[in-house]
Amino acid sequence: MEPLTGFCDLCVSNFKDLKELTLMLRELVELEYKNVAIEQIYNDVTTDQKAKKNDPIPEPLDLSIFEEEFKGKLKIFNRISVIFAENSVSLTTNKSQNLRKYHLFAAIPTTESALIYACQSLNCDLISYNADTIRVKIARKHYFEACSRNIYFEIKYAPCIVDAEVRKSTITKAHKYHALGKSRNIIMSSGAKEQFELRSPYDVAYLGWIFNLSEEQSKDAICGKSRRLLLRAETRRSGSCIVHVRKLKELGVSKEEDISDTEDEEEKMSVSEAESGESASKKQKIN
């Protein structure tokens, strides 16, 4: 993964209407965002058991259709949000080949037992919610368990613009996160389905005050922590570590320079070892 910079919006929900999605991505570029995740949803609760025999998780969106217009302007990622009510969802997620193709894996538990499982065991990157699951409660113990596993919690601001009831519930949920653990591992995303729901990152940072976030936490929620979440998701996909392999020419170092540097270091090491040996032998003679 290339180095990540700039502001992030890791939940843009309109993926079916490509024309509207393209307009939203253009708006995000004008608002100075640099990293965007397009969300798709898989509902494990409503999926039949027959459909689960195959891979029920949909294929990710082909991002190459946006490459020509947004290359160098916007880094676009695929995100899958899995709605589930039972621990058996792991049977689907562990076997799914399509899930591995997504850059981000968000869990949306619909019950308290499912939320506990997401915090303790599910190999996800992010715990989120929707209008139906926003009132699911979390205990302090499970909140810290999720934070210790480097799992993040999401707050969406776009639904607050559209629905007054969701706005009240979102503010209550955000204040609950602050009461549980001082708003640790919180990121803010839009969750936007229409272009008018998008806001600039500076406006989103001001919204952090409503969600009981400090000024530093608000900025970090759309910048630093979101970028760390993407890196955490990359480790989930590739393993316990990330190895970057680059050619010496890309780093501006030729093979001859690299070899000469290592030879110089070896000569210095041998000289220092010889000097230390000579000094030790002299001390022995004196004694």
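What counts as what
Residues numbered from 1 in each chain as written. Predicted model: local features only at pLDDT ≥ 70, side-chain atom pairs only at ≥ 80, totals over all residues. Heavy atoms only, no water. Patch = residues over 30% accessible without salt bridge, like charges linked within 9 Å, V, L, I, M, F, W, Y side chains within 5 Å. Areas by Shrake-Rupley, 256 points an atom, 1.4 Å probe, with all protein chains shown as cover. Salt bridge = Lys/Arg side-chain N within 4 Å of Asp/Glu carboxyl O. Helix = DSSP H or I, 4+ residues; strand = E, 2+ residues; numbered from the N terminus. Buried < 20%, exposed > 50% of the residue type's maximum accessible area, 1.4 Å probe, protein only. Phe/Tyr/Trp six-rings, centres within 6.5 Å; stacked < 30°, edge-to-face > 60°. Lys NZ or Arg CZ within 6 Å of the ring centre and 35° of its normal. Pairing = 2+ DSSP bridges. Contact = heavy atoms within 4.5 Å. Right-handed = clockwise from strand over helix to strand, strands pointing away. Disulfide = S-S within 2.5 Å. pLDDT = per-residue confidence, 0-100. Expected span 1.5 Å × (residues − 1). Polar contact = N/O pair within 3.5 Å; in protein donor to acceptor, adjacent residues only side chain to side chain. Axes fitted to C-alpha atoms, helices over the stretch in contact; angles between N-to-C directions. Parallel < 35°, antiparallel > 145°, perpendicular 65-115°, else oblique. Nonpolar A, V, L, I, M, F, W, Y, C, P; charged D, E, K, R; others polar.

### Examining a nonpolar patch on the surface
Phase 1: A cluster of nonpolar side chains, Ile 161, Val 162 and Phe 196, forms an exposed patch at the surface whose accessible area comes to about 290 Å².
Phase 2: Here Phe 196 is to be found in the loop between strand S7 (186–189) and helix H9 (201–207).
Phase 3: For Phe 196, a relative accessible area of 54% corresponds to the exposed category.

### Focus on the packing of aromatic side chains
Phase 1: Inspection of the entire model under this criterion finds six aromatic pairs.
Phase 2: Considering the side-chain rings of Phe 153 and Tyr 177, the 5.2 Å spacing of their centres and the 50 degrees angle between planes classify their relative orientation as tilted. Residue Phe 153 is found in strand S6 (residues 152–156), and its partner Tyr 177 is found in helix H8 (residues 164–181); the two are separated by 24 residues along the sequence.
Phase 3: According to the relative accessible area criterion, Tyr 177 is buried, its value standing at 5%.
Phase 4: Members of the aromatic cluster, each reached through a chain of ring pairs, are Tyr 143, Phe 144, Phe 153 and Tyr 177.
Phase 5: The positively charged end of Lys 156 is found above the aromatic ring belonging to Tyr 129, 5.8 Å away from the centroid.

### Comments concerning the sheet that holds strand S1 (residues 7–12)
Phase 1: One open sheet holds the seven strands; their spatial order is S1-S2-S3-S4-S5-S6-S7, and the pairing between them is parallel. Edge positions in the open sheet fall to S1 and S7, since each of these has one partner strand only.
Phase 2: Where strand S3 (residues 75–84) and strand S4 (residues 104–109) come together, six bridges link them in parallel fashion. For Ser 81, the partnering residue across the bridge sits in S4 and is Ala 106.

### Topic: unusual backbone geometry
Phase 1: In this structure, Asn 150 takes a positive phi of about 65 degrees despite not being glycine.
Phase 2: Here Ser 183, not a glycine, exhibits a phi torsion of approximately 60 degrees, which is positive.
Phase 3: Within the secondary structure, Ser 183 is located in the loop between H8 and S7.

### Describing the pattern of salt bridges
Phase 1: Tallied over the full model, the rule gives nine salt bridges.
Phase 2: The salt bridge involving Asp 125 is made with Arg 232; its shortest N-O contact spans 2.8 Å. Of this pair, Asp 125 sits in the loop between helix H5 (112–120) and strand S5 (126–127) while Arg 232 sits in helix H11 (residues 224–238); the two residues are 107 residues apart in sequence, bridging distant segments of the chain. Of the two residues, Asp 125 and Arg 232, both sit in the buried class.

### Considerations on the environment of Leu 180
Phase 1: Relative to the helices and strands, Leu 180 is located in helix H8.
Phase 2: Leu 180 sits in the buried class, given a relative accessible area of 6%.
Phase 3: Other than its neighbours up to four places away in sequence, Leu 180 contacts Ile 138, Ala 139, Arg 140, Tyr 143 and Phe 144.

### Comments concerning the pairing of S1
Phase 1: Summarising burial for S1: six of the six residues are buried, a large majority.
Phase 2: One crossover worth recording links S1 to the parallel strand S2 (residues 33–43) by way of helix H1 (residues 18–30), and it is right-handed.

### Quick word on the state of the cysteines
Phase 1: In this structure the tally under the stated criterion is zero disulfides.
Phase 2: Cys 8 carries a free sulfur, and the closest cysteine sulfur to it, the one in Cys 223, is 6.4 Å from it.
Phase 3: Here Cys 124 stays free of any disulfide, with the sulfur of Cys 119 as its closest cysteine sulfur at 8.0 Å.
Phase 4: Residue classification places Cys 124 among the buried residues on the basis of a relative accessible area of 0%.

### Here we look at the confidence of the model for the protein
Where the model shows low pLDDT, its predicted coordinates should not be examined in detail.
Phase 1: Averaged over all residues, the pLDDT of the protein is 85; the fraction at 70 or higher stands at 83%.
Phase 2: The low-confidence segment residues 268–274, where pLDDT is below 50, has zero contacts with residues more than four positions distant or belonging to other chains.

### Points about H1
Phase 1: In this model H1 runs 18 Å from its N-terminal to its C-terminal C-alpha over 13 residues, within 8% of the 18 Å that 1.5 Å per residue would give.
Phase 2: Glu 20, Leu 21, Thr 22, Met 24, Leu 25 and Leu 28 are the residues of H1 that are buried.
Phase 3: If you follow the buried residues of H1, they end up packed against S1, S2, helix H3 (67–70) and S3.
Phase 4: Between the side-chain oxygen of the N-cap and the backbone nitrogen of Lys 19 there are 3.3 Å, and the N-cap of H1 in question is Asp 17.

### Observations regarding the packing of helix H6 (residues 140–148) against H8
Two numbers describe a pair of packed helices, the interaxial angle and the distance between the axes.
Phase 1: Where H6 contacts H8, the axes come no closer than 9 Å and their chain directions differ by 85 degrees. As judged from the angle between their axes, H6 and H8 are roughly perpendicular. Where H6 approaches H8, its residues Arg 140, Tyr 143 and Phe 144 are matched on the opposing element by Tyr 177, Ala 179, Leu 180 and Gly 181.
Phase 2: Looking at the contact of H6 with H8, its residues break down into five nonpolar, one polar and one charged.

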